[in-house]
Amino acid sequence: MLDYAEPVTKLIDEFKRLPGVGHKSAQRLAFYLLKATPEEADRLIEAIREVKEKITFCSICNNLTDVDPCRYCDNPTRDHTMICVVEEPYNLVAIEKTREYHGLYHVLHGALSPIRGIGPDELKIRSLIERLRPQDDAPEVEEVILATNPNTEGEATANYLSRLLKPLGVRVTRIGMGLPVGSDLEYADEVTMHKALTNRHVM
Amino acid sequence: MYLSHLEAIHFRNLSGAIDFSPGLNVIHGANAQGKTNWLEAVYLLGTTKSFKTAHPREAIQHQAEEAILRGTVISGHLSRDIQLLLTRTSKQTFVNGKREVITRYLGILDAIAFTADEMEVVRGGPDNRRRFVDRGLVSTLPSYLGTLAEYNRVLKQKNSLLRSASDADDPTRFFPMLEPWNDQLVALGSEIHVARVGYVEKLKAALQPQLFQNESITVRYKSSLEGKGDLGDYPKLMRERLEHHLKNEIAIGYALVGPHRDDVEILCDGYDISRFGSSGQQRSALLILDLAQMVIYHQILEDYPVFIVDDIDAELDRNRIEILLDTLEGSSQVFISTSKRAIAQHYRERAQTIEIANGKVAAKVITN
Ligand SMILES: [Zn+2]
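Residues numbered from 1 in each chain as written. Chains lettered and ligands numbered in written order. Predicted model: local features only at pLDDT ≥ 70, side-chain atom pairs only at ≥ 80, totals over all residues.

With domains assigned, chain A is organised as domain 1 (6-54) and domain 2 (70-202). Put simply, the middle of domain 1 of chain A and the middle of domain 2 of chain A, counted by C-alpha atoms, are 34 Å apart. (Domains from an automatic or database assignment.)

This is the structure:
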């Protein structure tokens, strides 16, 4: 027998699929919604629907966006000779917060991890190499900053990319490791992130 | 440092609390009453690891959700309350009532345990000896724990990649994918190599080679790269060996090169004790190593970890017990357990003896 009526169990199960949500939190969220007004519930449903309908990935940098190309790629005032490579869209947000970086981005959507079956083909690496090819209408990319996480997988990814990109004649740099080893850029504050960017070194 | 008070809640068959002496504590009682469980509790509270099981959650009483070990540790003038909370899915550490990360918790109560399982160090495979050295390093150089964890994580990733490569039709396409992991293995592996060699040198210098017998005990770090080139330039040598074994590693599907293949030779009059030593010689050697580890600890931290010997009369004869306790007297807090009332009686003069029945203190004799 189920602990709760079927629709409630179903909702709890759906919440449990979300990252970082365990059984207790899922239960708490479900009961919050059970008590919420229909308007509150509709707002949440609408927000989920909207994000799924309107948000896509930028065809150039793979960042989340509601217009394609995204606002960074499409902005002529940004420095188009620099590309900062990050693992996830939220890493990009952390770098934007410093207000120090005015170049472009490239989102890999992950890092190399053989244990999880993630190899180079599973990451947005081919489209990065495409961007480094000289194009008629765009300035040539001069520097690629590797801002993957300072943990085992992020290091391996940066190392792999640098071996791949250097022969293409581009300057490849790695963000400074003032960050604690094994950490995630998601939790780096603006000051730390700023230091990591200014202390970048040539690989 | 010493543990002055320990309380156990929903932990195995234990109940209540015990106040310990800063010197020798003899825990005795009939079998299956809980003597070993109290010693396990001391070790687990200090190290968050059990010497009885790889899964401390097994120690939670069946009807309970969680088990708690709570202790008071005195070092110099400082008294700290530490607590380990075990649930079915987690271990949580507290200092003075506040949640504390494990890296800052470890080291408040360090412990060395001489147990039947620990004997694997002198008679088992190389992994046991590497762990012995790594434990000693972690307690004196906390950052080493991070290096070791990183190395193992990189190794796991590389092994996973090697498994895929060995199943693939065209392994050569894996060469560039292996390089980033090998680079990290070389950097971290070199750190581990240097740290371990240094520690084993210190162990060797701190040994009392003939403490228990006429035969002389000594140790030597035996790198798996020995005889393959210049160990003085370990990063260069390791890189050479990785290149040399690239195809072999892919064929076999796991990593063949690095300090995870090293060993520590323990020699008794020049012979490898794990192969040629009698069980008496092996016991003596392990005690000598444990005591040397205490000396190093003291050299660096100016303090002594607590020393635990479970089921002392099953592991050691009277003569060795006497020598061991004489050596430890005045330095380390010691916990020993025995099922023999006569042994407990024998140490009444110099120890606090605690009789355990049904998991709790049945009788206690305090001397001094
Ligand atoms: Zn874009």
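And the narrative resumes.
This part covers the sheet that holds strand S6 (residues 171-174) of chain A. Residues and elements named next belong to chain A. Ordered in space as S4-S3-S5-S6-S7, the five strands form an open sheet in which the pairing is mixed. A strand with exactly one partner marks an edge of an open sheet, and here the two such strands are strand S4 (103-107) and strand S7 (201-202). Where S6 meets S7, two bridges bridge the pair, whose relative direction is antiparallel. What sits directly across from Thr173, in S7, is Val202. In the packing of helix H4 (residues 89-97) onto the sheet, contacts are made with strand S3 (79-86) and S4, and the angle to S3 comes to roughly 125°. Its contacts with the sheet put helix H6 (residues 152-165) on S3, strand S5 (143-146) and S6, and the angle it makes with S5 is roughly 165°. (Pairing = 2+ DSSP bridges. Helix = DSSP H or I, 4+ residues; strand = E, 2+ residues; numbered from the N terminus. Contact = placed C-beta atoms within 7 Å. Axes fitted to C-alpha atoms, helices over the stretch in contact; angles between N-to-C directions.)

It is worth spelling out the pairing of strand S5 (residues 78-87) of chain B at this point. All names here are of chain B. The pairing of strand S4 (residues 66-75) with S5 spans ten bridges and is antiparallel. The residue of S5 that forms the bridge with Ser75 is Leu78. Counting the residues between successive antiparallel strands, the hairpin from S4 to S5 contains two residues, one of them, Gly76, with a positive phi of roughly 60°. Sheet analysis places S5 next to strand S6 (residues 91-95), joined by five bridges and oriented antiparallel. The partner of Leu86 across the bridge, within S6, is Lys91. Count of turn residues in the S5/S6 antiparallel hairpin: three residues.

The subject of this paragraph is unusual backbone geometry. Residue and element names in this part refer to chain A. For the bond from Asp68 to Pro69, the omega torsion is 0°, close enough to zero to count as cis. Its place among the elements puts Pro69 in the loop between strand S2 (64-65) and S3. Positive phi, close to 70°, is recorded for Asn62, a residue that is not glycine. As for its placement among the helices and strands, Asn62 is situated in the loop between strand S1 (56-57) and S2.

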